[in-house]
Protein chains: 2
Amino acid sequence: MALMNHSFELAARPVGLPKRTDWNFKETPVREPGADELLVKIIYISLDPAMRGWMNESRSYVPPVGIGEVMRALALGRVIESRNPKFAAGEFVYGALGVQEYAVSNGSGLTKVVPGAAPLSVYLGALGMTGMTAYFGLLEVGRPQPGETVVVSGAAGAVGSVAGQIAKIKECHVVGIAGSAEKCDYVVKELGFDAAINYKTEDVRKSLQNLCPKGIIVYFDNVGGDILDAVLTQLARGARIVICGAISQYNNTTRMKGPSNYMSLLVNRASMTGMLVFDYAARFPEAAREMAKWMAEGKLKSREQIVEGLQTFPDTFLKLFAGENTGKLILKVAEP
Amino acid sequence: MALMNHSFELAARPVGLPKRTDWNFKETPVREPGADELLVKIIYISLDPAMRGWMNESRSYVPPVGIGEVMRALALGRVIESRNPKFAAGEFVYGALGVQEYAVSNGSGLTKVVPGAAPLSVYLGALGMTGMTAYFGLLEVGRPQPGETVVVSGAAGAVGSVAGQIAKIKECHVVGIAGSAEKCDYVVKELGFDAAINYKTEDVRKSLQNLCPKGIIVYFDNVGGDILDAVLTQLARGARIVICGAISQYNNTTRMKGPSNYMSLLVNRASMTGMLVFDYAARFPEAAREMAKWMAEGKLKSREQIVEGLQTFPDTFLKLFAGENTGKLILKVAEP
């Protein structure tokens, strides 16, 4: 009997928050891998804010997901059949395998995972693209020095929680911004941030002023919008803003809100720089080794929030935009 | 009989475009210079968009002009009396001498001008702060390489016209953006820009797309607003935006318009960096020598638009915001 695949295909370009009907749930037979191809049984699917951008038609750093194509997502799975000499059945791999149960791949863009240092799910979290984004965004673009004040938004989220911990490892004064008292507690008490601001109940600008008396030297931005504007009012001279994301704006039905206070860049001779993790691919192994070492030493913690069931994808994905996840949001579609 | 000074003092913080009544015109006796002070008879006053910012109460890179204080402005004049051993009567100096006829100074922040290389007014233009702003903003922050595409807004203005010419000297492909057919003609035919866009009659985004087929690598921004947003849609990977000013936004009565398309910084791994000329003060002499050499070789042209009469100040200043000046706008208050 043929192996059946289940997948979510993009059905429509969302307006605002994606709806269930923006995808079609499909059942199709799994295709036999051809020459040089391999078949992967997906275990974990990484749910990332960037996926929302891939659903739009506009030009970006990758082409948009086409209507009728499997929704793009990073995922981790086990090779169950391989006609590609570089991969063997039983190995674990991750890459842009999509929101589905099985993927046939020619191997390009796939990375092998050798589990052992951490549970498999961590390879989509701190030891995966999420961790790499935090590592290179903070260290290569933000370049904080010991003692400098680093502010991270989306601080309890996948990337922000890692970026803030790396800043602590680098001996910075680290202030997180997050959307609930629980998240603020988490980043301070569990992750060791120096302080956290609950943007839903506090005046972010005033809290930043209190918590960053010398001004902000590095801001790692995952959210954009009003929080970015508040941070801009509290920059120190020579500040560096890392633009990693703008989750507050991804589901706008009107035009994106630009940072009204951007002239603070001039006043403070500051910079705002965009980063994409893929540019650092050649250095991923080196960074992953360092991250694994920090994790083994207990200096870096990874938390994954794992939701079971491929069918829950449309609802689970929305947790990202409702601020309902702490740490890395992962969809589990099969047992490891 | 006592020498009389005439000056414009700030009377009120403007809302929107400054009005005549935002200043008081005052007549007061000139104070005798005290120990270590000197008295300057002002000849030329530099009119700059930045002066609008100094009239606001908000925190900036210099304190706001106080109500009742002489309006701050760069100016150039002749020392007519000196009790400061570093300056002698008859010498020419420039600095923040204010919108007035006579200034008493302790000499701090004053630079001596040795005329000869160019008419005196050029020392407020291409050979003064204006030229230094263009030079260091373009070369130190923009860092264009030969063959790269450089776009300059406010291209017929004081700073933009110099920035574009320096980019041509550095063998770049230079596109200017300006507000009239005459200004576009000026920058292309007289200053040697490769092309110019009239933002009042053209679709800036489409024109940029046509004129910058490889995308924009360096953008020298003097204007902000919709033009900055249009440029953001046409960046090349690794683009560098120099934030030198945002004249389109200085007289807003509502909040400043932030660049809605700033996530193009992420897509293109681009940066947006603010600059202030004063940070490069130690290197002004070196830069001024190079600029004077380019001018002597005919590679760099300076145009000053000189309006006579201190009393015209409130109206003349507004020419900056109405786009009525080409080149450096200067108020002449005495014969050289």
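It should be emphasised that the depicted structure is a prediction, and the values quoted were computed from it without experimental measurement. (Residues numbered from 1 in each chain as written. Chains lettered and ligands numbered in written order. Predicted model: local features only at pLDDT ≥ 70, side-chain atom pairs only at ≥ 80, totals over all residues.)

Details of the overall build of chain A
Turning to step 1, where the next piece is worked out: A tally of regular secondary structure across chain A gives nine helices and 15 strands.
Turning to step 2, where the next piece is worked out: Its C-alpha atoms give chain A a radius of gyration of 20 Å, within 12% of the compact-globule value 20 Å for 336 residues.
Turning to step 3, where the next piece is worked out: Overall, chain A is about 65 × 45 × 35 Å in size when its C-alpha atoms are taken along their principal axes.
Turning to step 4, where the next piece is worked out: Within chain A, buried positions represent 51% of all 336 residues.
Turning to step 5, where the next piece is worked out: If you take every contact in chain A between residues at least 6 apart in sequence, the share linking residues at least 24 apart comes to 65%. (Helix = DSSP H or I, 4+ residues; strand = E, 2+ residues; numbered from the N terminus. Rg over C-alpha atoms; globule rule 2.2 N^0.38 Å. Buried ≥ 20, exposed ≤ 12 C-beta atoms within 10 Å, placed from the backbone. Contact = placed C-beta atoms within 7 Å.)

Here's the deal with the interface of chain B and chain A
Turning to step 1, where the next piece is worked out: Every contact between the two is made by 25 residues of chain B and, on the other side, 25 residues of chain A.
Turning to step 2, where the next piece is worked out: Looking at the side of chain B that touches chain A element by element, the count peaks at four residues for strand β13 (residues 271-274) of chain B.
Turning to step 3, where the next piece is worked out: Here the side of chain B that touches chain A is composed, by residue class, of 14 nonpolar, seven polar and four charged.
Turning to step 4, where the next piece is worked out: Across three bridges, strand β13 (residues 271-274) of chain A lies against β13 of chain B in antiparallel orientation. Directly across from Thr273 of chain A, in β13 of chain B, lies its bridge partner Ser271 of chain B. (Nonpolar A, V, L, I, M, F, W, Y, C, P; charged D, E, K, R; others polar. Pairing = 2+ DSSP bridges.)

Let's talk about the domain arrangement of chain A
Residue and element names in this part refer to chain A.
Turning to step 1, where the next piece is worked out: According to the domain assignment, chain A contains domain 1 (4-125 + 302-332) and domain 2 (129-278).
Turning to step 2, where the next piece is worked out: Between the C-alpha centres of domain 1 and domain 2 the distance comes to 28 Å.
Turning to step 3, where the next piece is worked out: In this assembly, 18 residues from domain 1 lie in contact with 16 residues from domain 2.
Turning to step 4, where the next piece is worked out: Looking at the side of domain 1 that touches domain 2, the elements that each hand over two or more residues are α1 (50-54) and β15 (328-332). (Domains from an automatic or database assignment.)

Describing the relation of the copies chain B and chain A
Turning to step 1, where the next piece is worked out: When chain B is fitted to chain A, the best match, at an RMSD of 0.0 Å, comes from turning it 180 degrees and sliding it 0.0 Å along the axis. One copy is carried onto the other by what is essentially a two-fold rotation axis. For chain B, the residue whose C-alpha comes nearest the rotation axis is Gly258 of chain B, separated from it by 2.1 Å.
Turning to step 2, where the next piece is worked out: In this assembly, 100% of the residues forming the interface of chain B have copies in chain A that are likewise at the interface, indicating an isologous arrangement. (Least-squares fit on C-alpha atoms with pLDDT ≥ 70 in both.)

Notes on the pairing of β13 of chain A
Residues and elements named next belong to chain A.
Turning to step 1, where the next piece is worked out: Residues of β13 alternate between two faces, with Ser271 and Thr273 on one and Met272 and Gly274 on the opposite face, all of them buried.
Turning to step 2, where the next piece is worked out: Both strand β12 (residues 235-243) and β13 contribute to a ladder of four bridges, which runs parallel. When the sheet's bridge partners are listed, Val242 is paired in β13 with Thr273.

Concerning the nonpolar core
Turning to step 1, where the next piece is worked out: If you look at the biggest cluster of nonpolar residues, it comprises 213 residues, and the most contacted ones within it are Ile45 and Val151 of chain A together with Ile45 and Val151 of chain B.
Turning to step 2, where the next piece is worked out: Setting aside chain neighbours within four positions, we find Val151 of chain B in contact with Val175, Ile177, Leu208, Cys212, Ile216, Tyr219 and Val231 of chain B. (Core = buried A, V, L, I, M, F, W, Y, C linked by C-beta atoms within 7 Å.)

Brief notes about the sheet that holds β13 of chain B
Turning to step 1, where the next piece is worked out: Within the open sheet, the twelve strands sit side by side as β10(A)-β9(A)-β8(A)-β11(A)-β12(A)-β13(A)-β13(B)-β12(B)-β11(B)-β8(B)-β9(B)-β10(B). Their pairing is mixed. Pairing within the sheet leaves two strands with one partner each, and these edge strands are β10 (195-198) of chain A together with β10 (195-198) of chain B. Going from strand to strand, the sheet's axes swing by 15 degrees on average, the running direction of each strand aside.
Turning to step 2, where the next piece is worked out: With three bridges joining them, strand β8 (residues 149-153) of chain A and strand β11 (residues 216-221) of chain A adopt parallel strand pairing. When the sheet's bridge partners are listed, Val152 of chain A is paired in β11 of chain A with Phe220 of chain A. (Axes fitted to C-alpha atoms, helices over the stretch in contact; angles between N-to-C directions.)

Some details on helix α3 (residues 158-169) of chain A
Residues and elements named next belong to chain A.
Turning to step 1, where the next piece is worked out: A rise of 1.5 Å per residue sets the reference length of α3, with its twelve residues, at 16 Å; its end C-alpha atoms lie 17 Å apart and thus fit the reference within 8%.
Turning to step 2, where the next piece is worked out: All of the buried residues along α3 are Ala158, Val159, Gly160, Ser161, Val162, Ala163, Gly164, Gln165, Ile166 and Ala167.
Turning to step 3, where the next piece is worked out: Against the buried residues of α3 lie α2 (129-142), β8, β9 (173-178), α4 (181-190), β11 and β15.
Turning to step 4, where the next piece is worked out: Where α3 ends, the next residue or the one after it, Glu171, has phi of about 65 degrees, a positive value. (Expected span 1.5 Å × (residues − 1).)

Points about unusual backbone geometry
Turning to step 1, where the next piece is worked out: The backbone of Asp36 of chain A sits at a positive phi, close to 65 degrees, despite the residue not being glycine.
Turning to step 2, where the next piece is worked out: With respect to the helices and strands, the residue Asp36 of chain A is situated in the loop between β2 (23-29) and β3 (38-46).

Brief notes about the packing of α2 of chain A against α3 of chain A
Residue and element names in this part refer to chain A.
Turning to step 1, where the next piece is worked out: Where α2 meets α3, the axes come as close as 8 Å, and the angle between the chain directions of the two elements is 50 degrees. Considering the angle they form, α2 stands oblique to α3. Handedness of the α2/α3 crossing: right-handed. Contacts between α2 and α3 involve Thr130, Gly131, Thr133, Ala134, Tyr135, Gly137, Leu138 and Leu139 from the first element and Ala158, Val159, Val162, Ala163, Ile166 and Ala167 from the second.
Turning to step 2, where the next piece is worked out: Here the contact of α2 with α3 is composed, by residue class, of ten nonpolar, four polar and no charged. (Parallel < 35°, antiparallel > 145°, perpendicular 65-115°, else oblique. Left-handed = near helix turned anticlockwise from the far one by under 90°.)

Things to note about the environment of Val218 of chain B
Turning to step 1, where the next piece is worked out: Relative to the assigned elements, Val218 of chain B resides in strand β11 (residues 216-221).
Turning to step 2, where the next piece is worked out: Once you skip the residues sitting within four places of it in the chain, Val218 of chain B turns out to touch Gly142, Pro144, Glu148, Val150 and Arg240 of chain B.

Some thoughts on the environment of Gly137 of chain B
Turning to step 1, where the next piece is worked out: Tracing the backbone through its elements, the reader meets Gly137 of chain B in helix α2 (residues 129-142).
Turning to step 2, where the next piece is worked out: Apart from the residues lying within four places of it in its own chain, the contact partners of Gly137 of chain B are Gly142, Ala163, Phe220, Val242, Cys244 and Met275 of chain B.

Structural notes on the packing of α2 of chain A against helix α8 (residues 284-296) of chain A
All names here are of chain A.
Turning to step 1, where the next piece is worked out: Their axes nearest at 10 Å, the elements α2 and α8 cross at an angle of 95 degrees. The angle between α2 and α8 places the two elements in the roughly perpendicular class. Here Gly131, Met132, Tyr135 and Phe136 of α2 come into contact with α8, specifically with Phe284, Ala287 and Met291.
Turning to step 2, where the next piece is worked out: Partitioned by chemical class, the residues of the contact of α2 with α8 number six nonpolar, one polar and no charged.

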